[in-house]
Amino acid sequence: GGGADSSLPTGYPAKRLEGVWATAPYLHNGSVPTLHHLLLPARQRPVSFPVGQIDFDPVHVGYELDPSRITPGPHHPPFQLDTTIPGNFNTGHEGEEFGTALVDEDRVALIEYLKVHRNPT
């Protein structure tokens, strides 16, 4: 006795994908506003975007980026997240294993799948 419990997971447990469409912004620091932008190379991701809003972009799946479609808050306007500030960088998580090499048609198909994905019970 006294050994480590072999039933415990080893490594980092991955977050479930069910409902990922509702968890914007993305990356560990919240520096990517939509799933669409997460699946693009970092150089194509927005440099800044409004946070602290309730408006949802159902096509790109995440925060609304069009200022004309953002509902002003009752107490203050949304805050502009600047990804050029250290700690806010939106780089990384690129390559085939992260989906950033997908062609547009496959990117759209993956996003549509993630909108309805259910984890097995």
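Described in the following lines is the structure provided in the data block. Only a predicted model underlies this, so the values are computations on that prediction, with no experimental measurement involved.

Inspection of the entire model under this criterion finds two aromatic pairs. Ring centres of Trp-21 and Phe-56 lie 6.0 Å apart, and the angle between their planes is 75°; on these two criteria the pair is classed as edge-to-face. Residue Trp-21 is located in the segment before α1 (35-38), and its partner Phe-56 is located in strand β2 (residues 56-57); the two are separated by 35 residues in the primary sequence.

In this section: the nonpolar core. What tends to happen in soluble globular proteins is that the nonpolar side chains get buried as a cluster. Grouped together as the largest cluster of nonpolar side chains are 15 residues, with contacts concentrated most on Tyr-26, Leu-35 and Leu-38. Counting residues per element, the ones that place at least two in this core are α1, β1 (48-51) and α2 (104-116). Sequence-distant contacts of Tyr-26, defined by excluding residues within four places in its chain, comprise Val-20, Trp-21, Ser-31, Val-32, Pro-33, Thr-34, Leu-35, Leu-38 and Val-61.

This brings us to the side chain of Gln-53. Tracing the chain through its elements places Gln-53 in the loop between β1 and β2. With relative accessibility at 9%, the residue Gln-53 sits in the buried group. At 3.1 Å, the side chain of Gln-53 and the backbone oxygen of Pro-50 are in polar contact. Within the structure, Gln-53 has its side chain in polar contact with the backbone oxygen of Glu-64 (distance 2.9 Å). Setting aside residues no more than four positions away along its own chain, Gln-53 makes contact with Tyr-63, Glu-64, Ile-70 and Pro-78.

Rules of the game
- Residue numbers here run from 1 along each chain, matching the order of that chain's written sequence.
- Selection of residues for local features in this predicted model requires a pLDDT of at least 70, selection of side-chain atom pairs for listing and counting requires 80 or more, and totals for whole chains, interfaces and linings are taken over all residues.
- Hydrogens and water molecules were not included; the side-chain quantities draw on all heavy atoms of the structure.
- Note on ring pairs: Phe, Tyr and Trp rings are taken, using the six-membered ring of Trp, and paired if centres are within 6.5 Å. Classes follow the plane angle, with under 30 degrees stacked, over 60 edge-to-face and the rest tilted.
- Starting at the N terminus, helices and strands are each numbered in turn, a helix being any DSSP run of H or I of at least four residues and a strand any DSSP run of E of at least two.
- We call a set of buried Ala, Val, Leu, Ile, Met, Phe, Trp, Tyr and Cys residues a nonpolar core when their side-chain atoms join them within 4.5 Å.
- To sort residues, take the accessible area from a 1.4 Å probe on protein chains only and compare it with the maximum for the residue type: under 20% means buried, over 50% means exposed, and anything in between is partly exposed.
- Residue contacts are counted whenever heavy atoms from the two residues lie within 4.5 Å of one another.
- For the purposes of these results, a polar contact is taken to be a pair of N or O atoms within 3.5 Å, where, inside protein, one atom must be able to donate a hydrogen and its partner to accept one; residues adjacent in sequence count only when each atom of the pair is a side-chain atom.

These values are about where atoms sit, not about what they do.
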